[in-house]
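Remarks on the overall topology
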Amino acid sequence: MTRQKGLAALSILLAALAWPQFTSAQVSFASNEVREMTYADDVAPIFRENCVTCHHPGTAAPMALETYEQVRRYATRIRQAVETRAMPPGWYLDRTVGIQEFKNDPTLTDEQIATITAWVDQGTPMGDPSKIQPPQAWRPAHEYWQLEEELNYGPPDLIVTAPTYLVPAASGDQWFEPDVALSSILDRPLIGERWIRAIETRPGDQQSAYVFHHVNVGLRPAATENTSGGDGGLTDAAVGKRFDLYPNDSGKLIRADDMMTFSLHLYPIGEEVEAKVQLGIWLWPEGETPKYATRDETSFNSGESASIGLPRYTDMLIPPNGYQELRAYFVLRENARIHSIRGHMHLRGGYQMMEAIYPDGRREVINKINWNHLWHTTHVYEDSAQPLLPKGTVIVSSSLMDNTSDNPSNPDVDQWVVYGRRSVSEMAHIRFGMTYIPDEDFQEMLEARERAQARPVPIASR
Ligand code: HEC
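Described below are features of the structure shown in this document.

About the thresholds
- Residues numbered from 1 in each chain as written.
- Predicted model: local features only at pLDDT ≥ 70, side-chain atom pairs only at ≥ 80, totals over all residues.
- Core = buried A, V, L, I, M, F, W, Y, C linked by C-beta atoms within 7 Å.
- Buried ≥ 20, exposed ≤ 12 C-beta atoms within 10 Å, placed from the backbone.
- Contact = placed C-beta atoms within 7 Å.
- Pairing = 2+ DSSP bridges.
- Helix = DSSP H or I, 4+ residues; strand = E, 2+ residues; numbered from the N terminus.
- Axes fitted to C-alpha atoms, helices over the stretch in contact; angles between N-to-C directions.
- Parallel < 35°, antiparallel > 145°, perpendicular 65-115°, else oblique.
- Left-handed = near helix turned anticlockwise from the far one by under 90°.
- Nonpolar A, V, L, I, M, F, W, Y, C, P; charged D, E, K, R; others polar.

1. Let's talk about the nonpolar core
Note that soluble globular proteins tend to have their nonpolar side chains buried in a common cluster. Counting 34 residues, the largest nonpolar core has Ile-199, Leu-264, Leu-266, Ala-275 and Ile-281 as its most contacted members. Excluding residues that lie within four positions of it along the chain, Ala-275 makes contacts with Thr-164, Tyr-165, Val-167, Ser-208, Val-211, Phe-212, Leu-264 and Leu-266. Among the nonpolar cores identified, the runner-up in size contains 19 residues, and Phe-300, Ala-336, Ile-338 and Leu-389 belong to it.

In structure tokens:
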């Protein structure tokens, strides 16, 4: 780092540290007293922006938080949920290490958290009721496409209706994993080779919305050679996450003779439900090819045996009341631009970490995910923060399995645990959404990054 850059970085750091004292209207450090917060002025807008999309009737969230009465009733639990950053849920990236700039980070700012806790501590005053906006009108999730209505993508070019599955009223978790010929589940014929630019998943009806834990969808070309690369991952959806947008210079090839693979994880809700799911697919215009074929999600197993293609992690054996760490190394043969990261573990999940060892020898943590089995989030990097990994970079994928009572999800600390699909068995892989970039373009990306000074970049391999 040059001296000038160093000083600039230092002054930004100092400004950041000083910021609460200079600009926070809430907290007066002189008197150590907090200004009075009201629901109408301070709290309702935070809930409207960050909570009610899930906390309204007809969703998987346990209560609505749309009115003063509703929010006040749960005030103590809300205070705790926001202070511990349990809510909004789904974001368990370690905040102390790795990249922090993401497009879909739902977490509250420190200031928003301070506002809510102060309001609860002050006895939840309402303020001027005329300033409170009435609750929004919600449409059930199965009635609209978010990309169409909120992101102006227009109606989807293709709609896929997955095979249905009858979830019994009472039993353990259910999995449904059909492979289906794409042409048999499309709402209209797909002609020739087309490129996907975005994809969204929605429940088929209201009841279905209650039984889905998550939905993973893949595409397997009928032909053996897969010109779009990748290991077949297409999209995944879970509570709070509906769509995937590929980087806007990239797409994924789709052809009518492809197979579509589904992995639906469902849970019973006390009544029988025929679980239905639909996918909306937005294509690049006919005849247009994106600059890059994205591989999108590519899996990096933390077990060596899985990494070299053995069907099971023969090296996964977690002792009762103990830990196991698995770590595997992958050498990139191409330059890669990483646009997202997603972990995958089960109930013994502790944490997962991705590191890069650059060709110049520098080692850097890309991200660490503190695992929570309830939420399977794809973390999408800001464009300016997407890791750029030159060919020759070694990717280190590590996962720590925690089979002790310190792990709140642990169902039984006295079991030996091995690899398996059920949540009581374990898995450990991390997916990067990635696109291979040719040398010349990659060099340009590195230089553009350097110019933007967003973050230090590796010296490309020579
Ligand atoms: C992505 C959807 C989603 C969003 C956004 C969300 N929640 Fe939740 N919330 C849930 C679900 C699902 C549960 C029940 C399961 C759980 O506790 O994880 C829940 C549970 C809760 C609970 C009960 C926890 C307890 O004590 O058992 C509180 C309180 C809560 N949410 C508050 C909030 C607040 C405040 C916000 C906004 C700052 C928020 N939530 C945003 C989905 C969401």
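2. What to know about the sheet that holds strand 23 (residues 394-402)
Strand order in this open sheet of four strands is 17-23-19-20, and the pairing throughout is antiparallel. What marks the edges here is a single partner per strand, and that holds for strand 17 (323-331) and strand 20 (363-370). On average, adjacent strands in this sheet sit at an angle of 15 degrees to one another, irrespective of strand direction. The sheet contact formed by strand 19 (residues 349-357) and strand 23 spans eight bridges and is antiparallel. By the bridge assignment for strand 23, Gln-352 is matched with Ser-399.

3. With respect to the packing of helix 2 (residues 39-50) against helix 5 (residues 110-121)
Packing of helix 2 against helix 5 brings their axes to within 10 Å, and their N-to-C directions diverge by 125 degrees. By the criterion of interaxial angle, the relationship of helix 2 to helix 5 is oblique. Between helix 2 and helix 5 lies a crossing of left-handed hand. Between helix 2 and helix 5, the residues in contact are Asp-42, Val-43 and Ile-46 and Gln-112, Thr-115, Ile-116 and Trp-119, respectively. Partitioned by chemical class, the residues of the contact of helix 2 with helix 5 number four nonpolar, two polar and one charged.

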